[in-house]
Amino acid sequence: FASRRVTQRMSAVPTRALPVPHRRHGKAQHICHSSSSSSCPKILGIGSVGVDFLAQLDARELPRPDAKVRATRAEITTGGNVANGLTAAARLGNRQCALVSAVGDDANGAVVLESLAKDAVDASLTLVRGTRTPFTYIMIAASGENDGDMTRTCVHTPGDGGLMATDVTPERLDAAFSNVNKPAVAYFDGRLAEAALVYAREARRLGGVRILVEAERLRENLPELLSEADLVVTSKSYPNDAYPKAKTLGDAVTRMFMDLPRAEIMVTTLGARGAIGLVRIEDDGEVGRGKFLDDVVRQLEAQAGEDALSDEDVRDGLPREPVESGVIDIRHSSSSSSSFKANVIFAPAKTLAKGELVDPTGAGDAFIGALAHAYADEESFNLPSAMRLASYVAAMKCKAIGARAGLPRAADVPTRLMVRTPRRAAMFSALMAAFSVPFGGIFSPSRPAQAVESQDEDIKALMEIFNRAMRAPTYEEADAAWSEAITLAPNNSSAWSNRGTLRLQYSEWASAVDDLQRAVDLDGDTPDPLALNNLGNAKGALNRWDEAMADFLEASRVEDMRAIAQANYALAAFQTGRVDLAIATAKKLLRKDPEYLDMRALLSAMYWSEGIVDLAESEWTYLCKSGRGFGAKRSAEDVRGDDPTSDLRYASTLLSQQFAQQFAELTGGVKEAGLDTPCRLYKTTDTVANRWPPRATAALDAFLRVRNYGEALDYDGSVKRFDFNF
């Protein structure tokens, strides 16, 4: 709110926080699938390995006692929970997977080690001793419900030389943890728990190793192992088995998560439905009475079912996108006031066509392996993206018999599942762009300075220029600094993107398009979604709306930019008269996030422009009853007075509160209790005039003034009238 009105149209920014652990600033990147082992994070797996004898039965159910049934197919394959999971991670491209286990000195043991070597899973830490390798008989049959589902029944025979705690010598610990390639993740399947505990406690002592523990079924010493975990993955049955007094699965999951305070994340797989994830939110604010997890999951599952897959997603056979609750209070029973804050995620399973489901053996291992693969990349770990990838991998595994035959390789996985941008980086850059102070020139680079084709001193010089550009007090100085960075490193897309964004802010539309297009072109097949989004904004200002909408759509393919880009897509559709498309897009965004205030205000304005007065008023009422503010201890109402500038101070304070909360969430700060009513933010069009295209701004103006026309500042600086014929 400076004295000069800035005529930019920047990103439509969601008024919400998205706190998920382990996200850092960084470039949009592929999940690692390099052939060079030194370039990928390491996963150390501790647990079971063995041989599976599989029989696919010619029957709709398992045989009754004393009965005989015919097998239509029999296979001998390798298995073991953690070994299957490591194989899934290795096939996705992680070339530093290592297994700690034990096999017998027999033919089966040799088969196990050979199969691991074929998938580049390092078995040098696996003991070979005894005379019997663990093996399992597995019978696969139709469910009996005539629904195309399959069941499996396992009979496990342990080996006679299993790994013991006494086997874990200092030398073996050193080999696992203290070499140059210390693992990023230690992954435990819950078996060999006594020995596994020694490894887990060493990982905890050393620090820097994230611990993933599977809870498939009740096992001795598993509770102690779970208490060391950062990420817990449970089967559908485990929580109720561990908490038999819990009346529902949601209640059992809630109780379990509350009893594991060290765990940041807990995921529970639900078979053909999908999976739920809980992300613990550390918050000093007061915890409310809370909601039941079962109710939250039902609501999220219903929302996920309403979202249509894009043509591209259908073509590639992707699962539906995960849906998040945002930060909410969860409680575990109606008789208890105990609750905690969490973000709940529901990730739908990938649907298999009739006849595609062959064998569910190892589907859970495939899911966890894909999750571990994503978790190992701390810089870009994003739980909803990881769960969607895991759902896809688990489903593909089910299309072949055995635990590993169907596991996909990186080249077989759609690129959109294998690419993601750290949410903190994308959201931070978008917020800085949208809330930047005129003349401040403060733009966080959308990614770190990329390598320049020169020596270290040139990289240092480039970083100094970036810092100078971000601190520049005027537009001219900032623009000159970004130009200097481009001269030094002409192939650095961040320099082009940031200069283009600066020029976009100051209404230099044509040159902004040139710079942002250059940044996108330099990025090749994986353009920065923030640069694409801003490129769309610049093209829209030049009335190139069809191109702008294409850019917004492309930017929305990256999950962490999806809400912002789709919001801009809705705004562009309304600007060009495609009102039905604009309304449908806004409603889709609001189904996923009912507190997306900008879209709620836009929907009110669009309904009003179409003469649908009752729906316009209904959306506005919802907006006014939405959450209570943006993280401030004091209400923005306190700055009001009787002077002419009172409303301006109020709006400025409210925007500052919104930015402060989101900035704190993105940088790991603590969100405090909020106090304000959101519809106050939209009392005039000042809040949106510098961000929305003119037609949407005019529609809100018409709604607020209760008339059939509105006025807004156009991109050329003139005030334009828009008539809405109703």
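## Notes on the overall build of the chain
Next, step 1: The helix and strand inventory of the chain stands at 26 helices and 21 strands.
Next, step 2: Within the span of the chain, comprising 726 residues, buried residues form 58% of the whole.
Next, step 3: The long-range fraction of contacts in the chain, counting pairs at least 24 apart against all pairs at least 6 apart in sequence, stands at 69%.
Next, step 4: When the accessible surface of the chain is split by element, carbon and sulfur atoms take 50% of a total near 29,500 Å².

## A look at the packing of aromatic side chains
Next, step 1: Tallied over the full model, the rule gives twelve aromatic pairs.
Next, step 2: Taking the centre distance of 4.7 Å and the plane angle of 35° together, the rings of tyrosine 475 and tyrosine 506 count as tilted. On the criterion of sequence distance, the pair formed by tyrosine 475 in helix α15 (residues 475-488) and tyrosine 506 in the loop between α16 (493-505) and α17 (509-523) is long-range, its members being 31 residues apart. Tyrosine 506 carries the same exposure label as tyrosine 475, and that label is buried.
Next, step 3: Ring geometry for tryptophan 545 against tyrosine 715: centres 6.4 Å apart, planes inclined by 50°, an arrangement best described as tilted. Placement of tryptophan 545 in helix α19 (residues 545-555) and of tyrosine 715 in the loop between β20 (709-713) and β21 (719-723) is noted, with a sequence separation of 170 residues between them. Like tyrosine 715, tryptophan 545 is buried.
Next, step 4: Three or more aromatic residues joined by ring pairs form one cluster here, namely Phe53, Phe135 and Tyr137.
Next, step 5: Arginine 280 extends its terminal NZ or CZ atom over the ring of phenylalanine 257, reaching a point 3.9 Å from the ring centre.
Next, step 6: Over the face of the ring belonging to phenylalanine 574 we find arginine 695, whose NZ or CZ atom lies 4.4 Å from the ring centre.

## A few points about the environment of methionine 549
Next, step 1: The topology assignment puts methionine 549 in helix α19.
Next, step 2: A sequence separation of 22 residues divides methionine 549 from leucine 571, and the C-alpha atoms of the two residues are 9.4 Å apart.
Next, step 3: Sequence-distant contacts of methionine 549, that is, excluding residues within four places in its chain, are made with Tyr569, Ala572, Ala573, Thr576, Arg578 and Leu581.

## Focus on unusual backbone geometry
Next, step 1: One non-glycine residue with positive phi stands out, namely aspartate 66, at about 70°.
Next, step 2: Mapped onto the elements of the fold, aspartate 66 is located in the loop between β3 (50-57) and β4 (71-79).

## Looking at the environment of alanine 165
Next, step 1: Counting through the fold element by element, alanine 165 comes out in the loop between β10 (150-157) and α3 (170-177).
Next, step 2: Setting aside residues no more than four positions away along its own chain, alanine 165 makes contact with Glu194, Ala195 and Val198.

## Notes on the sheet that holds β4
Next, step 1: Spatial strand order, β4-β3-β9-β10: four strands in an open sheet with mixed pairing. Lying at the two open borders of the sheet, with one neighbouring strand each, are β4 and β10. The average undirected angle you get between the axes of adjacent strands in this sheet is 20°.
Next, step 2: Pairing between strand β9 (residues 135-142) and β10: eight bridges, direction antiparallel. Residue pairing for β10: alanine 141 is matched across the bridge by threonine 151.
Next, step 3: Taken strand by strand, helix α2 (residues 107-118) contacts β3 and β4, and its axis lies near 90° from that of β3.

## Concerning the sheet that holds strand β11 (residues 185-188)
Next, step 1: Across the sheet, eleven strands lie side by side as β7-β5-β2-β11-β12-β13-β14-β15-β18-β17-β16; this open sheet has mixed pairing. Each edge of the sheet is formed by a strand with only one pairing partner; in this case those strands are β7 (121-122) and β16 (291-292).

## Considering α2
Next, step 1: Over its twelve residues, α2 runs 17 Å from end to end, which matches the ideal 16 Å to within 8%, given 1.5 Å per residue.
Next, step 2: Within the span of α2, buried status applies to Gly109, Val112, Ser115 and Leu116. Down the axis of α2, the buried set is contained in an arc of 130°. They therefore lie on one face. Summarising the geometry of α2, the exposed residues directed more than 90 degrees from the buried face are Ala107, Ala117 and Lys118.
Next, step 3: Contacts from the buried residues of α2 go to β3, β4, α1 (81-91), β5 (97-100), β6 (102-103) and β7.
Next, step 4: Where α2 ends, the next residue or the one after it, alanine 120, has phi of about 60°, a positive value.

## Structural notes on the nonpolar core
Next, step 1: By size, the foremost hydrophobic cluster in this structure holds 58 residues, and its most contacted members are Phe574, Met599, Leu602, Met606, Tyr682 and Trp692.
Next, step 2: The set of elements that each furnish at least two residues to this core consists of α17, α18 (529-541), α19, α20 (559-575), α21 (579-592), α22 (597-609), α23 (613-624) and α26 (694-705).
Next, step 3: Excluding its chain neighbours within four sequence positions, the residues that come into contact with tyrosine 682 are Leu597, Asp598, Ala601, Trp620, Leu623, Thr687, Val688 and Leu704.
Next, step 4: Core analysis: the second largest hydrophobic core is formed by 56 residues, Val103, Val279, Ile345 and Ala347 among them.

## Thoughts on the confidence of the model for the chain
Next, step 1: Chain-level statistics for the chain give a pLDDT mean of 80 and a share of 78% at 70 or above.
Next, step 2: In the model of the chain, strand β1 (residues 29-30) stands out as the element of lowest mean pLDDT, 29, in contrast to strand β13 (residues 231-234), which has the highest, 98.
Next, step 3: Ignoring residues within four places in sequence, the model shows residues 1-40, a span with pLDDT below 50, making 170 contacts including any to other chains.
Next, step 4: Scored below 50 in pLDDT, residues 420-457 makes 139 contacts in the model with residues more than four places away or belonging to other chains.

About the thresholds
Residues numbered from 1 in each chain as written. Predicted model: local features only at pLDDT ≥ 70, side-chain atom pairs only at ≥ 80, totals over all residues. Heavy atoms only, no water. Helix = DSSP H or I, 4+ residues; strand = E, 2+ residues; numbered from the N terminus. Buried < 20%, exposed > 50% of the residue type's maximum accessible area, 1.4 Å probe, protein only. Contact = heavy atoms within 4.5 Å. Areas by Shrake-Rupley, 256 points an atom, 1.4 Å probe, with all protein chains shown as cover. Phe/Tyr/Trp six-rings, centres within 6.5 Å; stacked < 30°, edge-to-face > 60°. Lys NZ or Arg CZ within 6 Å of the ring centre and 35° of its normal. Pairing = 2+ DSSP bridges. Axes fitted to C-alpha atoms, helices over the stretch in contact; angles between N-to-C directions. Expected span 1.5 Å × (residues − 1). Arc of directions from axis to C-beta. Core = buried A, V, L, I, M, F, W, Y, C linked by side-chain atoms within 4.5 Å. pLDDT = per-residue confidence, 0-100.

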